[in-house]
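Structural characterization, general
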Amino acid sequence: MAKKTNTLKTDKPKKTKDTKVRRKLKFTFLKNEKFKLTFGAFLILFSFYLLFSFVSYFFYWTVDFDKIYAFELSDLSGKVPVQNWGGFIGAWLSHLFIYKLFGISSILIAYLSFISGLRLSLNLNILPLGKSFKISFLITLWLSPLFGTLFNGTSWAILGGIFGYQLSQWLQNIIGFTGLIILLAFSLFAFLTLQFNFITHFLKHHSHKNKASESDKDTEEQDEKINDSEKNNNTDSANNIEGDGAFELIIKDKNIEKKPIEEIEIEIPEENTETIEIRNDSENAEDTLGLSVEVHEEKKATSISHSVDTPYDPTEDLADYKFPGLDLLNDYGSDKISIYKEELEKNKDRIVETLNNYSIKIQKIKATVGPTVTLYEIIPAPGIRISKIKNLEDDIALSLSALGIRIIAPIPGKGSIGIEVPNSRPDIVPMKSIFLSEAFQNNKYELPVGLGKTISNESYVFDLAKMPHLLLAGATGQGKSVGLNAVIASLLYKKHPAELKMIMVDPKKVELSLFAKIERHYLAKLPDSEEAIITDTSQVVKTLKSLTVLMDQRYDLLKDAQVRNIKEYNAKFNARRLNPENGHHFLPYIVLVVDEFADLMMTAGKEVEGPITRLAQLARAIGIHLIIATQRPSVNIITGTIKANFPARIAFRVTSKIDSRTILDAGGADQLIGRGDMLMSSGSEIVRLQCAFIDTPEIDKITDFIGSQRAYPSAFILPECEDEDNGSSTNVYAEERDELFEDAARVIVLAQQGSTSLIQRKLKLGYNRAGRIIDQLEACGIVGQFEGSKAREVKVGSEMALEQFLKDMYAKEQEDE
């Protein structure tokens, strides 16, 4: 087993694993968002309870005094009546804080509880929390002795409390009454001066107006020197950050303490392997996971200052959003490739023997082991025709007793021929290993997608924004749904809710239902739609039309901004070079996910194909991308216009070579072994991959984690589009209505079956004329919309009702004229 280990050492003693576990058990719940929300809500409600109790105490304290003064636990039985609005507990708390302690200053306790609750539950800072506690403490120390002095010996002495009275008496015994008044006045002056700085500002302004002293000049020179030294220090720290690479995001504010890099120990497995065993150490994987989460927290902790020159940050509305951690994903055993030398030698001997039987000599053979398939690269002897080897595909498969082999002749970019042979004991590729890979962590893609691993055990990551659309197809049960979940999970792990919105179409109603939990974070829907996961065909048509409207609107924005694509537009908007008052706003990427495209094509046909084709042709530049999946890869589903605009295609195992050519325009998908084994075609290149496995419980954990966080008020609302049916009126075809219109209407109503073929047979008409008549009947409201292979709905129940309907229709037409 070969490993490459990069270790960053530290002088500090390493903390044991037991210490880490105890620390997690002790403090983890304090960072839990649900705990913060619950405790914050309690503090807000408790603040209102204290406020009502304190206010009512000033009215009823004399009535309740004797009941509260001699407090016993038996009084909590509720038999002792009190007048306080907070009941017995409210009266007791008021008596404790107001009478025995601080007097009227105790109301500040309710204020501090309120702002603390807002900070915990809603992350709102009305006033700085630390500053509020400090000022409240100082006000309490000043007001209590003041009221204790002013109202000494009267019933209003309650405003200062016993604490204020005794503090006043103690100070009077030490410095006298006059000294106490001077002390209170001076403390008020000092507080206002130090806290608000308006007095010193006035004095400095007045002094500068009269004369600039030499001491001021010296002070300015010293300040300039200090600023220069600070700039030099900042420059040095910036240079250090650049050297640290990935830690650039962590240290951006000089107030944030730089965390020691030496505490992290990472073991990096070598991915490009050839007949070697690869293993990721689970403990080190946890360290990498902890680093990933820490980067997100430190990035959000950086202070933000706003000015005209400050770039716009679209993520600021959800600045506390946390990306899902890798601890939500399963390992599925150790991430390694098992090498069985006996199997490799046996397959090599059989390949050489089979080729020798047909007089094909080879110079060299090399094996590259992947998680599911082993690639045997052979270099034939000079004079051997490639086609001769390619024609032996079935013979080699027979000799190896394999499920199916695939011959690549030649391998692109290499002077060799590849024979892909399935492993007898395939390994699972966990989604966690893809997310931990350097290719996924350090890419700069707009829409990164980690799909799986190649035969050479390299993590395969691509940019959906450059594809620009993706087609997934394969037979039932071959891994298509898992592949779709892998694509969606990749986007959720990399893109902030402000940067990405998804439209999910699920005719089967069960595949994408888990993603309903992240509706207010990542999903988009129509204004009148109740659910974000679209399952109704009519809603799909409306959504596609709405997307085309959005596409046109975005192109108008790009034209006005004089840019060519969404990346340039957002960069210009973030630089505050576009005015929001002119309709400009940040444009998130929009990804349309269709789980079963064949069902839509069967029920809606051209109504779906037209908008999808238009979006596929034009929507790339404005950030709308399509992901379409189907388990029926036939030519009437994956039409020529669809294929022409989907250069990126993924084929899972199919049952015939025809289906493989329908998806990829090439064979090979029928030779796959299933369970996530797939071929990825992007242009002329076809790559064999093992799809990363992510199970439904993992998706459930991810969506629960995202859904539990603070979200936008609603899902992303798509623009409204006019309903063509609502825009039609009964007199659309009044001037051009066919002379057999009424006869056709009677035929349809009597048969209660709205179809073009029925009109053809009964009235002996051609298809074109019958089709025009059925459109006229639909426009008038006699029959319903086209529903694919089903007959149209007949909306008039009887011939008598039809006569009345026609009579009313003609009368309305005359009135309109």
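A short tour of the structure in this document, coming up.

Calculation rules
- Residues numbered from 1 in each chain as written.
- Predicted model: local features only at pLDDT ≥ 70, side-chain atom pairs only at ≥ 80, totals over all residues.
- Heavy atoms only, no water.
- 1 Å grid on protein atoms, 1.4 Å probe; cavity = no way out; pocket = protein on both sides within 12 Å on 5 of 7 lines; lining within 4 Å.
- Points joined across faces, edges and corners; volume = space filled by probe spheres on them.
- Helix = DSSP H or I, 4+ residues; strand = E, 2+ residues; numbered from the N terminus.
- Nonpolar A, V, L, I, M, F, W, Y, C, P; charged D, E, K, R; others polar.
- Patch = residues over 30% accessible without salt bridge, like charges linked within 9 Å, V, L, I, M, F, W, Y side chains within 5 Å.
- Areas by Shrake-Rupley, 256 points an atom, 1.4 Å probe, with all protein chains shown as cover.
- Salt bridge = Lys/Arg side-chain N within 4 Å of Asp/Glu carboxyl O.
- Axes fitted to C-alpha atoms, helices over the stretch in contact; angles between N-to-C directions.
- Parallel < 35°, antiparallel > 145°, perpendicular 65-115°, else oblique.
- Left-handed = near helix turned anticlockwise from the far one by under 90°.
- Contact = heavy atoms within 4.5 Å.
- Buried < 20%, exposed > 50% of the residue type's maximum accessible area, 1.4 Å probe, protein only.
- Polar contact = N/O pair within 3.5 Å; in protein donor to acceptor, adjacent residues only side chain to side chain.
- Phe/Tyr/Trp six-rings, centres within 6.5 Å; stacked < 30°, edge-to-face > 60°.
- Lys NZ or Arg CZ within 6 Å of the ring centre and 35° of its normal.
- Pairing = 2+ DSSP bridges.
- Expected span 1.5 Å × (residues − 1).
- Arc of directions from axis to C-beta.
- Core = buried A, V, L, I, M, F, W, Y, C linked by side-chain atoms within 4.5 Å.

This part covers empty space enclosed by the protein. Take a probe with the size of a water molecule and roll it over the atoms, and the empty space left behind shows itself. Per the counting criterion, the structure on display carries five cavities of 30 Å³ or more. Put simply, the second largest cavity is a space of about 60 Å³. Lining the second largest cavity we find Pro371, Thr372, Val373, Lys453, Thr454, Ile455, Asp677, Arg688, Leu689 and Gln690. Where the lining of the second largest cavity is concerned, the elements lending two or more residues are β7 (448-454) and β17 (685-691). Broken down by element, the lining of the second largest cavity gets its largest block of residues, three residues, from β17. Among the residues making up the lining of the second largest cavity, the classes are represented as four nonpolar, three polar and three charged.

Taken together, the side chains of Phe35, Phe39, Phe42 and Leu120 present a nonpolar region at the surface, about 340 Å² in accessible area. Here the nonpolar patch gets three residues from one element, more than from any other, and that element is helix α2 (residues 33-69). Residue placement: leucine 120 occurs in helix α4 (residues 107-121).

A word on the packing of helix α10 (residues 341-357) against helix α12 (residues 393-400). Here α10 crosses α12 at 140°, and the two axes come no closer than 9 Å. With respect to each other, α10 and α12 are oriented oblique. Where α10 crosses over α12, the two elements pack in a sense that is right-handed. Here Asn347, Arg350, Ile351, Thr354 and Leu355 of α10 lie close against α12, whose contacting residues are Asp395, Ile396, Ser399 and Leu400.

So, on to the side chain of lysine 643. If you trace the backbone, lysine 643 turns up in helix α21 (residues 640-644). For lysine 643, a relative accessible area of 16% gives the class buried. Within polar-contact distance, the side chain of lysine 643 engages the side chain of aspartate 665 at 2.7 Å. Excluding its chain neighbours within four sequence positions, the residues that come into contact with lysine 643 are Ile638, Arg649, Arg661, Thr662 and Asp665.

Moving on, we get to the environment of glutamine 709. You can see glutamine 709 is positioned in the loop between α23 (696-707) and β18 (716-717). For the pair glutamine 709 and lysine 34, spaced 675 residues apart in sequence, the C-alpha separation works out to 8.3 Å. Sequence-distant contacts of glutamine 709, defined by excluding residues within four places in its chain, comprise Asp320, Tyr321, Lys322 and His521. Within polar-contact distance, the side chain of glutamine 709 engages the backbone oxygen of lysine 322 at 2.8 Å.

On to the packing of aromatic side chains. Per the stated rule, a full pass over the model turns up 11 aromatic pairs. Taking the centre distance of 6.3 Å and the plane angle of 65° together, the rings of phenylalanine 54 and phenylalanine 97 count as edge-to-face. Remark: phenylalanine 97 occurs in helix α3 (residues 87-102) and phenylalanine 54 occurs in helix α2; sequence separation between them is 43 residues. Its relative accessible area of 0% is what places phenylalanine 54 among the buried residues. In this structure, lysine 494 is placed above the aromatic ring of phenylalanine 440, and the distance from its NZ or CZ to the ring centre is 5.3 Å. The lysine or arginine in question, arginine 737, covers the ring of phenylalanine 741, its NZ or CZ lying 5.0 Å from the ring centre.

In terms of residue burial, strand β6 (residues 417-422) counts as a mostly covered element, since six of its six residues are buried. By the bridge criterion, six bridges tie strand β4 (residues 373-380) to β6 in an arrangement that is antiparallel. Within β6, the position partnered with glutamate 377 by the bridge is glycine 418. Pairing geometry for strand β5 (residues 406-408) and β6, over three bridges, is antiparallel. For isoleucine 407, the partnering residue across the bridge sits in β6 and is isoleucine 419.

Below, the discussion takes up the sheet that holds β5. Strands sit in the order β3-β4-β6-β5 across an open sheet of four strands; the sheet is antiparallel. Of all the strands in the sheet, just β3 (362-369) and β5 have a single pairing partner and so form its edges. Taken pair by pair, the neighbouring strands of this sheet meet at an average axis angle of 20°, ignoring direction. Taken strand by strand, α10 contacts β3, β4 and β6, and its axis lies near 40° from that of β4.

What follows is about the sheet that holds β17. Two orientations exist for strands paired in a sheet by backbone hydrogen bonds: parallel and antiparallel. Spatially, 10 strands are ordered β8-β7-β17-β16-β15-β9-β14-β13-β10-β12 in an open sheet, and the strand pairing comes out mixed. Lying at the two open borders of the sheet, with one neighbouring strand each, are β8 (459-463) and β12 (533-534). Each of β7, β9 (470-473), β10 (500-505), β13 (589-594), β14 (624-630) and β17 touches helix α15 (residues 480-494); the most contacted strand, β7, lies at about 130° to it.

Let us now look at the packing of helix α25 (residues 741-751) against helix α27 (residues 767-780). One way to put it is that α25 packs onto α27 with a least axis distance of 10 Å and a crossing angle of 75°. When the axis of α25 is compared with that of α27, the two are roughly perpendicular. On α27, the residues touching Phe741, Ala744, Ala745 and Ile748 of α25 are Ile773, Ile774, Gln776, Leu777 and Cys780. Here the contact of α25 with α27 is built from residues that sort into eight nonpolar, one polar and no charged.

For α23, spanning 12 residues, the distance from its first C-alpha to its last is 16 Å, which sits close to the expected 16 Å at 1.5 Å a residue. All buried positions along α23 are accounted for by Glu698, Ile699, Ile702, Thr703 and Ile706. Projected onto a plane normal to the axis of α23, the buried residues spread over an arc of 130° and lie on a single side.

Let's shift gears to helix α18 (residues 566-574). Along α18, the residues classified as buried are Ile566, Tyr569, Asn570, Lys572, Phe573 and Asn574. Close packing links the buried residues of α18 with α17 (537-561) and β13. Two or three places before lysine 567, at the opening of α18, asparagine 565 has a side-chain oxygen 3.2 Å from that residue's backbone nitrogen. Arginine 576 lies just past α18 and shows a positive phi near 60°.

So, about the pairing of β10. Counting buried positions along β10 gives six out of six residues, so the element sits mostly inside the fold. Here β10 shows two buried faces, one formed by Leu500, Met502 and Met504 and the other by Lys501, Ile503 and Val505. Across two bridges, β10 lies against β12 in parallel orientation. Within β12, the position partnered with methionine 504 by the bridge is isoleucine 533.

Another aspect to go through is the nonpolar core. For soluble globular proteins, the rule of thumb is that nonpolar side chains tend to be buried together. Counting residues in hydrophobic clusters, the biggest one holds 112 residues, and the most contacted among them are Leu470 and Met680. No other element matches the nine residues that α17 contributes to this core.

Following methionine 467, the chain continues to proline 468 via a peptide bond in cis, the omega torsion being 0°. The topology assignment puts proline 468 in the loop between β8 and β9. For glutamine 752, which is not a glycine, the phi torsion comes out positive at approximately 50°. For lysine 764, which is not glycine, the phi torsion reads 55° and is therefore positive. Mapped onto the elements, lysine 764 comes out in the loop between α26 (756-763) and α27.

In this section: the pattern of salt bridges. It is possible for side chains of opposite charge to pair when their charged atoms get near one another. One pass over the full model with this rule turns up 25 salt bridges. The salt bridge involving lysine 348 is made with aspartate 349; its shortest N-O contact spans 3.8 Å. Under the relative-accessibility criterion, lysine 348 is labelled partly exposed at 28%. Here aspartate 704 and lysine 517 are joined by a salt bridge, their closest N and O atoms 2.9 Å apart. With aspartate 704 in helix α23 and lysine 517 in the loop between β10 and α16 (519-522), this residue pair connects regions lying 187 residues apart in the sequence. Judged by its relative accessible area of 35%, lysine 517 falls in the partly exposed class. The network of salt bridges with shared partners includes Arg406, Glu420, Asp677 and Arg688.

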